[in-house]
Amino acid sequence: RERGIREGYEVVAECQADWEEEKPLTDALLALFPELFKEKSSAKNAARRKLVMVNDKVMRCSGKVSTSDLVTVTNRTTITKDLSIYLPKEVAETVKTIKVVYEDDHLGVMVKPRGMLSHGKGYECANSLVAHLLEPTKASVEESGGSMHRPRLCHRLDMLTGGLLLVAKTSVAMQALSKAFSERDISKEYFAIVHGKLEEESGIIDKPVEGKEAVTRFERGRTYTAGGAAVVTEVTLFPKTGRRNQIRKHLSGIGHPIVGDLKWCPPALLELIPQDKGMFLWARRLRFEHPVTGHEIRLCEEPPPVFFEL
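Residues numbered from 1 in each chain as written. Predicted model: local features only at pLDDT ≥ 70, side-chain atom pairs only at ≥ 80, totals over all residues. Heavy atoms only, no water.

Undergrad: Just checking my understanding: could you explain the overall build of the protein chain for this structure?
TA: Per the secondary structure count, the protein chain includes eight helices and 16 strands. With respect to the three principal axes, the spread of C-alpha positions in the protein chain is 80 × 40 × 30 Å. Relative to its full complement of 310 residues, the protein chain shows a buried share of 48%. Put simply, 61% of the contacts in the protein chain that link residues at least 6 apart link residues at least 24 apart. Of the roughly 15,700 Å² that the protein chain leaves accessible, carbon and sulfur atoms contribute 47%. Both charge centroids of the protein chain, one from 46 positive and one from 43 negative side chains, sit 4 Å from each other. (Helix = DSSP H or I, 4+ residues; strand = E, 2+ residues; numbered from the N terminus. Buried < 20%, exposed > 50% of the residue type's maximum accessible area, 1.4 Å probe, protein only. Contact = heavy atoms within 4.5 Å. Areas by Shrake-Rupley, 256 points an atom, 1.4 Å probe, with all protein chains shown as cover. Lys, Arg positive; Asp, Glu negative; His and termini not counted. Charge placed at Lys NZ, Arg CZ, Asp CG, Glu CD.)

Undergrad: Could you clarify how one ought to interpret the packing of aromatic side chains in this entry?
TA: Each aromatic ring pair is specified by the distance between its two centres and by the angle formed by the two planes. If you walk through the whole model with that rule in mind, you get four aromatic pairs. Between F191 and F308, the aromatic rings sit 5.9 Å apart at their centres with planes inclined by 40°, giving tilted as the arrangement. Here F191, found in strand β11 (residues 187-195), pairs with F308, found in the segment after β16 (296-300); they are 117 residues apart in sequence, far enough to count as distant. We classify F191 as buried; its relative accessible area is 5%. Overall, the relative accessible area of 43% leaves F308 in the partly exposed class. Residues F280 and F307 carry aromatic rings whose centres are separated by 5.0 Å and whose planes lie at 65° to one another, so their mutual orientation is edge-to-face. Here F307 lies in the segment after β16 and F280 lies in the loop between α8 (267-270) and β15 (281-289), a separation of 27 residues in the sequence. F280 sits in the buried class, given a relative accessible area of 0%. Taken together, the aromatic side chains of F191, F280, W282, F307 and F308 make up a single cluster linked through ring pairs. Lying over the aromatic face of F280, R114 brings its terminal NZ or CZ to 5.4 Å of the ring centre. (Phe/Tyr/Trp six-rings, centres within 6.5 Å; stacked < 30°, edge-to-face > 60°. Lys NZ or Arg CZ within 6 Å of the ring centre and 35° of its normal.)

Undergrad: I'm lost on the layout of surface pockets in this one. Help?
TA: By volume, the largest pocket is sized at about 820 Å³. Around the largest pocket, the lining comprises 34 residues; the ones closest to its centre are R156, G242, R243, R244 and N245. Mapped onto the lining of the largest pocket, the elements with two or more residues apiece are α6 (171-182), β11 and α7 (246-253). Here the lining of the largest pocket is built from residues that sort into 13 nonpolar, nine polar and twelve charged. (1 Å grid on protein atoms, 1.4 Å probe; cavity = no way out; pocket = protein on both sides within 12 Å on 5 of 7 lines; lining within 4 Å. Points joined across faces, edges and corners; volume = space filled by probe spheres on them. Nonpolar A, V, L, I, M, F, W, Y, C, P; charged D, E, K, R; others polar.)

Undergrad: So what exactly am I meant to see when it comes to the confidence of the model for the protein chain here?
TA: Confidence in the prediction for the protein chain averages 90 pLDDT; 94% of positions are at 70 or higher. Within the model, the stretch residues 79-84 combines pLDDT values under 50 with eight contacts to residues more than four positions away or in other chains. (pLDDT = per-residue confidence, 0-100.)

Undergrad: Any chance you could explain the pairing of strand β14 (residues 230-239) here in plain terms?
TA: Remember that side chains alternate between the two faces of the sheet whenever the strand is regular. Taken across its ten residues, β14 has nine buried, putting it largely inside the fold. As paired strands, β11 and β14 are joined by six bridges and run antiparallel to one another. Note on β14: the bridge partner recorded for F191 is T236. Strand direction decides the pairing type here: strand β13 (residues 215-226) and β14, joined by nine bridges, are antiparallel. (Pairing = 2+ DSSP bridges.)

Undergrad: What am I meant to see in the state of the cysteines here?
TA: Such a bond, covalent and formed between the sulfur atoms of two cysteines, is termed a disulfide. Under the criterion given, the structure shown has zero disulfides. Distance from the sulfur of C15, which forms no disulfide, to the nearest cysteine sulfur (C61) is 20 Å. Counting only cysteine sulfurs, C154 is the nearest neighbor of C125, a cysteine outside any disulfide, at a range of 17 Å. (Disulfide = S-S within 2.5 Å.)

Undergrad: Looking at this structure, how should I read the nonpolar core?
TA: Residues L166, L237, I258 and F288 are the most contacted members of the largest nonpolar core, which totals 59 residues. Non-local contacts of L237, meaning those with residues more than four positions away in its chain, are made with K188, E189, Y190, A192, T216, R217, F218, I247, L251 and L281. Core analysis: the next-biggest nonpolar cluster, separate from the first, contains 23 residues, L36, A43, A47 and M53 among them. (Core = buried A, V, L, I, M, F, W, Y, C linked by side-chain atoms within 4.5 Å.)

In structure tokens form, the structure reads like this:
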């Protein structure tokens, strides 16, 4: 390992200060590395993420740089593959079962298992595990707008919903994808199995959720009898908006709650199908413009076999 460079990091650039009076760290970064830091905000971001060292020691934003100080800018490169160093054994085993369907230096797409929280504290949440699922970005500081301390989820899925979950690895990706979600430029497709037979082959549910506009388009699939007692229908859904629990509330509101939905499915219907099979809602497809290359990304992950074994 080089001098005080931390494991998993590499030197991007370094320079010795040659001024007479000490400067705040952010001003020093702008003066020494104009090709890396165009604005004070990017310099602060690098310092906050512990990417800046002065005389081989990590320095935070509030630090000062004096004459002859050696200033080093680093970037995260790799992390150990031995997950047991970071995670309890049972959690490490869980991580190995989680699928990543797409990954590059700016983003990744994981398949969140049903029953896992998207956000929260502890190792049972997707946001705590993505750093162990994805490779650290190799994008330069200039390309990435600053690689983040850890990957971040760009949206969320209900705990009972499984499927595709988009993750940002760099600041530029996070900002662009967050904007794309807010402006409804990301196409999402869900697959669900609901109680009853939908009369319409397709339609639009336009009903506010918590006082906000909420729109879901749906297409009816096959209808069949599950478990010898329950009539169920496969439905493909295209939410235009992304309100909390939108799909679950919309389907329940038209009289066709999702099979296994413990919150919005009436008890009499829940009893028709064993509850240990989970809720039958799956985030199946994502389509979006790559935040850096501009290329269209289309991804699909079909539901697990249990969806077709009712």
